[in-house]
Protein chains: 2
Amino acid sequence: MESEVVIKAKAAQVASREIGIASTEQKNKALICIAELLEKNTENIIAANMQDIEHARTHGMSEAMLDRLRLTKSRIEDMAAGVRQVVDLQDPVHISLKEICRPNGLKITKVTVPLGVVAMIYESRPNVTVDAAALCIKSGNACVLRGGSESIHSNTVLVRILKQGLQQAGLNPDSAALLENTDRALVQELLTLRQYIDVAIPRGGAGLIQMVVRTAKVPVIETGSGVCHVYVDKQADLDMAVRIVENAKVSRPSTCNSMETLLVHTDVAADFLQKLIPVLQKQNVEMRGDILAQKAGTGVKAADDTDWGQEYNALIMSIKTVASIDEAMEHIRRYGTKHSEAIVTEDTAAAERFLQEVDAAAVYVNASTRYTDGFEFGFGAEIGISTQKLHVRGPMGLEALVSYKYIIHGQGQIRT
Amino acid sequence: MESEVVIKAKAAQVASREIGIASTEQKNKALICIAELLEKNTENIIAANMQDIEHARTHGMSEAMLDRLRLTKSRIEDMAAGVRQVVDLQDPVHISLKEICRPNGLKITKVTVPLGVVAMIYESRPNVTVDAAALCIKSGNACVLRGGSESIHSNTVLVRILKQGLQQAGLNPDSAALLENTDRALVQELLTLRQYIDVAIPRGGAGLIQMVVRTAKVPVIETGSGVCHVYVDKQADLDMAVRIVENAKVSRPSTCNSMETLLVHTDVAADFLQKLIPVLQKQNVEMRGDILAQKAGTGVKAADDTDWGQEYNALIMSIKTVASIDEAMEHIRRYGTKHSEAIVTEDTAAAERFLQEVDAAAVYVNASTRYTDGFEFGFGAEIGISTQKLHVRGPMGLEALVSYKYIIHGQGQIRT
């Protein structure tokens, strides 16, 4: 007997062949139907979500996590609006990237094609279900969705809507499938199905991402784990640096593009921290610093070795003083996750070294790391932020979900 | 105590930071020095290679395999010429792919960067050592090379030359490292070193590639396994089809872009096979067919289920008759390796369906599958042929060895 995961992955592969060659109009029609169905079914969605919320609450989920899980009328409207935004994006498949005419008369065209079947592995936020499926549909991919067990009721209703929308547009409803059994063994099985799954994309905390990376036999796009640093150089504009550090830490601490560790040059550490500390204290930021940082202001606790490289995702940050840009870059190499790194400096040469030598998806001079985001880059909807170097790096839009193939027209050519 | 593999991978990572920002001139100088050193050291190389050949011969290696292992003066000249060709290719790093100016004044530039450290896992052909290293050097990557144990003496001398060339150009010799201990456990260790290795590229037979794919925790670019089909449609020009099938099978049967299975429409099977069989018999091709194919001509043996999907890499082929283009495409889906697939037909609609629906790196109409090759596509030197869909597909040149990053210039922007 085949497991649920094999049955759904197989069916998704069959569906992927149909949606892979569907017209832009047909895919857009499905998305428009889905947006409408989301709005029409707001009450059903909220009712299902309430079941998840009640269950999570009785199992002791924190308020912050409950908030991630919760769907409200306005959040459902946002989901529908997000789906309609995907309608407006350019269809990324069947685009001719290159045409080559060879001396022997062969005409080689490099055209974009969907990846096939995308496995999305994510945690509690049920909006990921709709966001990810919308991007997969637009890019001609089928998807197998595996959300967290805590959002299973919400996801079940949402995927029913996805399937209805697909059907209303004449597309195969197996193009969007949900693993209803959230047993961890089934995810691990999914991640080994190289014959059916073309790529797995994990979205969530470091634990989830590492589990996927370590388990998967299918190709993975690693996303989102962000231990980001801001380095305040000895030639920084210190007032600008205060604003950038505050923004990078405080504006939305739960996101992967927030700063976790401040690096500050010893020459300016005392001056800078005296400006910074009161600003952050007003925002209730817990600061953990090395000895020099602790000396610079009251209220900085002692950092220990576990603080470097820790993704707090909260109003906590670590502070390390460094004697040079080299020491700053060495720290980033050791503890960063290749996500987003920033230098604040007026020294062009230092800025250029940092931009060139720091190995991360996004490297900033004199701006907040919080800008690493598909919308902020002007790419539109985003399926995640890749922290790997193969295939796609940084904010991933529709282009992350396509591959290409070479089609070759001949007139009987044979190779000599 | 750290193992050889950890020591070399770590050193390669350090070296990768230097070569990653080296100028085009410096990298080209290293390549030119390597080409000269190869020529100067021809006798040493041949002497080392003789040791490998003797050892392999006494261990019963076949003549065909001995030929793959053998280095001659002319093959060494070819290697040096190959390295010089890489000098002439455009440097693929530090290329600005996109510039985005955001309304808030942020200037975002997407620039190509090297991948970092490339692990090459390959088999007996020692020329891969030099070909792969040359492409890595040009693209600013360090490489850890792990060739087959049977070519260890040849590879040791070749890597010594690579290191000398790097040094003569002022580059870190750790940019090219050879695993001298060819114990299989060490390859497996190498494939888990996510902290040092950015990508593993296997080159060789299906067994090697599957071992790498199944073992690796580092990202992999799957290459080269090729079960390619030619489908002769009912509306094919049968004489053209004979030439294409002959070429796809016979011109170099050991390569991955050669045809393994012929699919032929039942409407034309008898006519076509009567033309084809004598041509292939003259070339000593062993044919294994289904019942209809066996009826069409004497000398066609019975195929069994293990024939479909088998990569013979030899003058053997299987023949299957199909009742429709759908049956042909279904067979390809089931048994193909997404490498190269061809249709021979005068029917434009059938050709377009095949081109669109067949999922492979290269899909041909009326041409031999043998053209899937970096040089034949006009890309220059090739590090392998990717049969996966992520990152790079089909013939891989220098662009397969780069990633990109976003560098962002601001003037103190913070996100609201």
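Rules used throughout
Within any chain, residue numbers begin from 1 and follow the written order of that chain's sequence. Here every chain gets a letter starting at A, and every ligand a number starting at 1, in the order they are written. Owing to the predicted nature of the model, reporting of local features is limited to residues with pLDDT of at least 70; listing and counting of side-chain atom pairs is limited to 80 or more, with chain, interface and lining totals taken over all residues. Heavy atoms throughout the structure, all of them, feed into the side-chain values; hydrogens and water do not. UniProt positions are given in the numbering used here, feature names are shortened, and annotations may be inferred rather than shown by experiment. For two strands to be treated as a pair, DSSP must find no fewer than two bridges joining them. Helix and strand definitions here come from DSSP, where helices need a minimum of 4 consecutive H or I residues and strands a minimum of 2 consecutive E residues; each element is numbered from the N-terminal end. The axes are straight lines fitted to the C-alpha atoms, using for helices just the contacting stretch, and the angles between their N-to-C directions are given from 0 to 180°. Should any heavy atoms of two residues lie within 4.5 Å, those residues are considered in contact. When two components associate, each loses some accessible surface as probed by a 1.4 Å sphere; the sum of these losses over both components is called the buried area. In what follows, salt bridge is the name for a side-chain nitrogen of Lys or Arg lying within 4 Å of a carboxyl oxygen of Asp or Glu. Pairs of N or O atoms within 3.5 Å make up the polar contacts considered here, provided that, within protein, one atom can donate a hydrogen while the other can accept it, and that residues adjacent in sequence are counted only when both atoms are side-chain atoms. Side-chain classes are defined by residue name, with Ala, Val, Leu, Ile, Met, Phe, Trp, Tyr, Cys and Pro counting as nonpolar, Asp, Glu, Lys and Arg as charged, and the others, Gly among them, as polar. Three exposure classes are used, based on accessible area relative to the maximum for each residue type with a 1.4 Å probe and protein chains only: buried under 20%, partly exposed in between, and exposed over 50%. Aromatic pairs are defined between Phe, Tyr and Trp rings, using the six-membered ring for Trp, whenever the two ring centres lie within 6.5 Å; interplanar angles under 30 degrees are classed as stacked, those over 60 as edge-to-face, and all others as tilted. When the NZ atom of lysine or the CZ atom of arginine is within 6 Å of a ring's centre and also within 35 degrees of its normal, the charge is said to sit over that ring.

The name given to chain A in an unreviewed UniProt entry is Gamma-glutamyl phosphate reductase, and the organism recorded there is Megasphaera paucivorans. Its UniProt record gives chain A a comment under Subcellular location (unreviewed entry), which states: "Cytoplasm". UniProt lists a comment for chain A under the heading Function (unreviewed entry), and it reads "Catalyzes the NADPH-dependent reduction of L-glutamate 5-phosphate into L-glutamate 5-semialdehyde and phosphate. The product spontaneously undergoes cyclization to form 1-pyrroline-5-carboxylate."

1. Some details on the sheet that holds strand E8 (residues 259-265) of chain A
One open sheet accounts for 10 strands, arranged E10(A)-E9(A)-E11(A)-E8(A)-E7(A)-E12(A)-E13(A)-E16(B)-E2(B)-E1(B); its pairing is mixed. The outermost strands of the open sheet, each flanked by one partner alone, are strand E10 (300-302) of chain A together with strand E1 (96-101) of chain B. Sheet twist, expressed as the mean angle between neighbouring strand axes with direction ignored, is 25°. Bridging between strand E7 (residues 228-232) of chain A and strand E12 (residues 340-344) of chain A involves four bridges; their strand directions are parallel.

2. A short note on the interface of chain B and chain A
The interface of chain B with chain A comprises 72 residues on the first partner and 72 residues on the second. Summing both sides of the interface, chain B and chain A together bury roughly 6300 Å²; the carbon and sulfur share of this comes to 52%. Here chain B is connected to chain A by eight salt bridges. Between B:Glu376 and A:Arg415 there is a salt bridge, and its shortest N-O distance comes to 3.4 Å. Counting the contacts that link chain B with chain A gives 51 residue pairs in polar contact (both at pLDDT 80 or more). For the side of chain B that touches chain A, the secondary structure elements donating two or more residues are E1, strand E2 (107-114), helix H9 (206-215), helix H10 (238-250), helix H14 (348-357), strand E13 (362-367), strand E15 (394-396) and strand E16 (402-413) of chain B. Per-element accounting of the side of chain B that touches chain A gives the leading share, 11 residues, to E16(B). Looking at the side of chain B that touches chain A residue by residue, the class counts come to 35 nonpolar, 18 polar and 19 charged. Note: strand E16 (residues 402-413) of chain A against E13(B), five bridges, orientation parallel. For A:His409, the partnering residue across the bridge sits in E13(B) and is B:Val365.

3. A look at the UniProt feature "domain: Aldehyde dehydrogenase" (unreviewed entry) in chain A
The UniProt record annotates "domain: Aldehyde dehydrogenase" (unreviewed entry) at residues 8-286 of chain A. For the annotated span residues 8-286 of chain A, helix accounts for 52% and strand for 16% of the residues, and the straight-line distance between the end C-alpha atoms is 46 Å.

4. A closer look at the environment of A:Phe379
On the secondary structure map, A:Phe379 appears in the loop between strand E13 (362-367) and strand E14 (384-386). Classification of A:Phe379 by relative accessible area gives buried; the value is 19%. When the C-alpha positions of A:Phe379 and A:Met396 are compared, they lie 8.3 Å apart, and in sequence the two are 17 residues distant. With residues near it in sequence (within four places) discarded, A:Phe379 still touches A:Leu89, A:Gly374, A:Pro395, B:Lys98, B:Ile100 and B:Tyr406.

5. A short note on the sheet that holds strand E4 (residues 142-146) of chain A
All names here are of chain A. Across the sheet, which stays open at both edges, the four strands sit in the order E5-E4-E3-E6 with parallel pairing between neighbours. Here the strands that pair on one side only, and so sit at the sheet edges, are strand E5 (176-178) and strand E6 (199-203). Adjacent strand axes in the sheet meet at a mean angle of 20° when their direction is disregarded. The strands touched by helix H6 (residues 127-138) within the sheet are strand E3 (117-122), E4 and E6, with E3 carrying the most contacts at an inclination of about 165°.

6. Regarding the packing of aromatic side chains
This structure, assessed with the given rule, holds 10 aromatic pairs over all chains. Ring geometry for A:Phe379 and B:Tyr406: centres 5.9 Å apart, planes at 50°, overall tilted. One end of the pair, A:Phe379, is in the loop between E13 and E14; the other, B:Tyr406, is in strand E16, on a second chain. With 5.7 Å between their ring centres and 80° between their planes, B:Tyr404 and B:Tyr406 make a pair best called edge-to-face. Given the relative accessible area of 1%, B:Tyr406 is considered buried. Ring pairs connect the aromatic residues A:Phe377, A:Phe379, B:Tyr404 and B:Tyr406, which therefore count as one cluster. Note that B:Lys110 overlies the ring of B:Tyr404, its terminal NZ or CZ placed 4.3 Å from the centroid. Against the face of B:Trp308 rests B:Lys320, its NZ or CZ located 5.8 Å from the ring centre.

7. What about the pattern of salt bridges?
For the coordinates displayed, the defined rule picks out 50 salt bridges over all chains. B:Lys389 is the partner of A:Asp198 in a salt bridge, and the nearest nitrogen-oxygen pair spans 3.3 Å. You can see A:Asp198 sitting in the loop between helix H8 (184-190) and E6 and its partner B:Lys389 sitting in the loop between strand E14 (384-386) and E15, one on each of two chains. Here A:Asp198 and B:Lys389 have matching classes, each one buried. One salt bridge in this structure joins B:Lys10 and B:Glu2, with 2.6 Å as the shortest N-O distance. Here B:Glu2 falls in the partly exposed class, since its relative accessible area comes to 37%. If you follow the salt bridges from partner to partner, you end up with A:Asp198, B:Lys338, B:Asp359, B:Lys389 and B:Arg393 in one network.

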